[in-house]
Amino acid sequence: MSPLSLYNTMSRSVEPFQPLTPGRVLLYTCGPTVWNYAHIGNFRTFLFEDLLRRWLEHAGLDVFHIMNLTDVDDRVIKAAAAAGKPITEHTEPFTQAFFEDRDYLRINPAHVYTPATKYIPQMIALVQRLLERGVAYKGEDGSVYFALSKFPKYGRLSRLDTRQIKVGARVASDEYAKDDPSDFALWKRADAEDESVGAAWDAPFGRGRPGWHLECSAMALDEIGRRFDAQTLDIHCGGIDLIFPHHEDEIAQSEGATGQPFARYWMHGEFLNVRGTKMSKRFGNFLTARDLREQGVDAAAVRLLFWQSHYRQPIDFNDEALAGATEGVRRLGEFHERLKREGAHLKAGNLVTEFTAALDDDLDAPRGVAALFEFVRAANREMDRGAPRAGGGPALEAFERVAGLLDVLPTAKAVDPSLASWVAERLAARDQARKSKDFKAADAIRAELKARGVEIEDTPQGTKWRVA
């Protein structure tokens, strides 16, 4: 039995995690809607899911990770129409941008990405199945709707008061108000705008396009059905804003079709705020991952900043918090180099034990980060007292294991070969000046190097340098 425990939104409690099939985890995470660039609020969720997957794999579990790419929905169609492009042409650059941002933030790629437009036959088949089972119907407007009255378990995930359900009322919009639990569109009859951007397909129940909620059900069930002969996910993740209506509707249409639980654990990440306000274009605080990359922000600093708050707690993204995380990453990088030079005699202490206990407790990354920095402080004090011993050792192994799981060590900076050649020449001149006891000249060379952004450190193994 795995000691790992996770908070399950369905039960509103932390539960011991045990996969349905021993040793294997089927993980589905709601990916971006590629009508625009993904913002850092989206990536806060994607990073929490990255940590979850890394920790599951660290526990020896074989994780199969599916992430969808929503390339057809109301927002995509409106944006493509405004740009005068087919949806495939409009979404392609944003899809590629998402992959670039994912790589920048060191997020491990999913095993399969499922663009909605590639799974239209599976969506049509799912709608047909729901019609045959009597839990869906064709409305007088030509669209197909899910009948909430035929699915009495509706509302369990969001804790919706079933007395609020408007039996027989219909909502066609992909995104609707939390006080509007009505029959929702599975398949929308095509209109002129849909046709103009290539967002319409033939189906037995009429030419149209899928509703946003339908897409995840069809793609997840198809992938786990074909690959593993399964109908139930182990874990389904997303942001808390997806609990209702999106995930609630996924449950209804998936379980309405299969009669089986759609997912055993539901996990949701909290919002990211910017300067105290939820990120929104309306509030003028919209920040994308590529904004950070273009500003030269190290991905390690973004990761460390996010790990300093629990994934189920809101986090405020501001310049001061980012500067603090940047400084933390610098300290970790310098400590790593020092540990490789001087720390062969150090023991690992309780780092791995404390970190493991923290992550096993519903991915308590803040506690894990605290254990890491306490280890850094203690090891630095020990190295200050003892004689340096170069090489590896248990402390280095433990540090690299923990820092690697969080992936918070500084990004190595590419060094221009001409700069490296110049640094080597200046260091040689400085060494000669020091041997000649011309310390004024040696200090002048240090200042010259610093002016070019090169920091140096004299060690028993020679002078080390890095680009600051």
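The structure this text deals with has already been given above.
## Structural notes on the pairing of strand β1 (residues 5-8)
- Residues S5 and Y7 of β1 are buried on one face, and the alternating residues L6 and N8, pointing to the opposite face, are buried as well.
- The sheet contact formed by β1 and strand β2 (residues 13-16) spans 4 bridges and is antiparallel. Bridging from a neighbouring strand, S5 pairs with P16 of β2.
- The antiparallel hairpin formed by β1 and β2 contains 4 residues in its connecting segment, where R12 sits at a positive phi of about 60 degrees.

## Considerations on the pattern of salt bridges
- If you walk through the whole model with that rule in mind, you get 46 salt bridges.
- For D298, the salt bridge goes to R106, with nearest N and O atoms at 3.5 Å. Highlighted residues: D298 in the loop between α8 (289-294) and α9 (299-307) and R106 in the loop between α3 (87-104) and β5 (112-115), separated in sequence by 192 residues.
- Across the salt bridge formed by R156 and E255, the nearest N and O atoms sit 3.2 Å from each other. Here E255 lies in helix α7 (residues 243-258) and R156 lies in the loop between β7 (144-146) and β8 (166-171), a separation of 99 residues in the sequence.

## Notes on the packing of aromatic side chains
- Within this structure, the stated rule accounts for 20 aromatic pairs.
- Ring plane angle 80 degrees and centroid distance 5.6 Å describe the contact between W187 and F205, whose orientation is recorded as edge-to-face. With W187 in strand β9 (residues 182-189) and F205 in the loop between α5 (192-196) and β10 (208-210), this pair connects stretches of sequence that are 18 residues apart.
- For W187, a relative accessible area of 0% translates into the label buried.
- By relative accessible area, which is 5% here, F205 ends up buried.
- Clustering of aromatic rings is evident, with ring pairs tying together F43, F46, F98, F99 and Y113.
- Above the ring of Y7, the side-chain terminus of R312 is found at 4.0 Å from the ring centroid.

## A few points about the packing of helix α1 (residues 40-58) against α9
- Close contact between α1 and α9 brings their axes to 11 Å; oriented N to C, the two are set at 80 degrees. The pairing of α1 with α9 is recorded here as roughly perpendicular in orientation. On α9, the residues that touch I40, F43, R44, L47, F48, D50, L51 and R54 of α1 are R303, F306 and W307.

## Focus: the environment of D458
- Within the secondary structure layout, D458 lies in strand β16 (residues 454-459).
- At a separation of 3.0 Å, a polar atom in the side chain of D458 contacts the side chain of R430.

## Digging into the sheet that holds strand β11 (residues 233-239)
- If you walk across this open sheet you meet the 5 strands as β5-β4-β3-β11-β12, and the pairing is parallel. Edge positions in the open sheet fall to β5 and β12 (263-269), since each of these has one partner strand only. Across the sheet, the axes of successive neighbouring strands diverge by a mean angle of 20 degrees, strand direction being ignored.
- Where strand β3 (residues 24-29) lies against β11, 3 bridges are found, and the strand directions are parallel. In the strand pairing of β11, Y28 is matched with H236.
- Along the sheet face, α7 touches β11 and β12 and points at about 160 degrees away from the line of β11.

## Here's the deal with the environment of V171
- As for its placement among the helices and strands, V171 is situated in strand β8.
- With relative accessibility at 7%, the residue V171 sits in the buried group.
- Spatially, the C-alpha atom of V171 lies 8.6 Å from that of Y145, the residues being 26 residues apart in sequence.

## Here's the deal with α3
- Look at α3: 26 Å from first C-alpha to last across 18 residues, which is about the 26 Å you get at 1.5 Å a residue.
- On its buried side, α3 packs onto α1, β4 (62-69), α2 (74-83), β5, α8 and α9.

## Focus: unusual backbone geometry
- The peptide bond linking F244 to P245 adopts the cis configuration, its omega dihedral lying at 5 degrees.
- Inspection of the secondary structure assignment puts P245 in helix α7.
- Of note in the backbone geometry, R159 takes a positive phi value of approximately 60 degrees without being a glycine.
- Relative to the assigned elements, R159 resides in the loop between β7 and β8.

## Quick word on the nonpolar core
- In this structure, I235, F317 and F399 are the most contacted members of the largest nonpolar core, which totals 80 residues.
- Those residues in contact with F399, other than ones at most four positions away along the chain, are L332, F335, H336, L339, L351, L372, F375, V376, G404 and L409.
- Counting residues in each nonpolar core, the second largest holds 57 residues, with I66, Y119, V144 and Y154 among its members.

Rules used throughout
Residues numbered from 1 in each chain as written. Predicted model: local features only at pLDDT ≥ 70, side-chain atom pairs only at ≥ 80, totals over all residues. Heavy atoms only, no water. Buried < 20%, exposed > 50% of the residue type's maximum accessible area, 1.4 Å probe, protein only. Helix = DSSP H or I, 4+ residues; strand = E, 2+ residues; numbered from the N terminus. Pairing = 2+ DSSP bridges. Salt bridge = Lys/Arg side-chain N within 4 Å of Asp/Glu carboxyl O. Phe/Tyr/Trp six-rings, centres within 6.5 Å; stacked < 30°, edge-to-face > 60°. Lys NZ or Arg CZ within 6 Å of the ring centre and 35° of its normal. Axes fitted to C-alpha atoms, helices over the stretch in contact; angles between N-to-C directions. Parallel < 35°, antiparallel > 145°, perpendicular 65-115°, else oblique. Contact = heavy atoms within 4.5 Å. Polar contact = N/O pair within 3.5 Å; in protein donor to acceptor, adjacent residues only side chain to side chain. Expected span 1.5 Å × (residues − 1). Core = buried A, V, L, I, M, F, W, Y, C linked by side-chain atoms within 4.5 Å.

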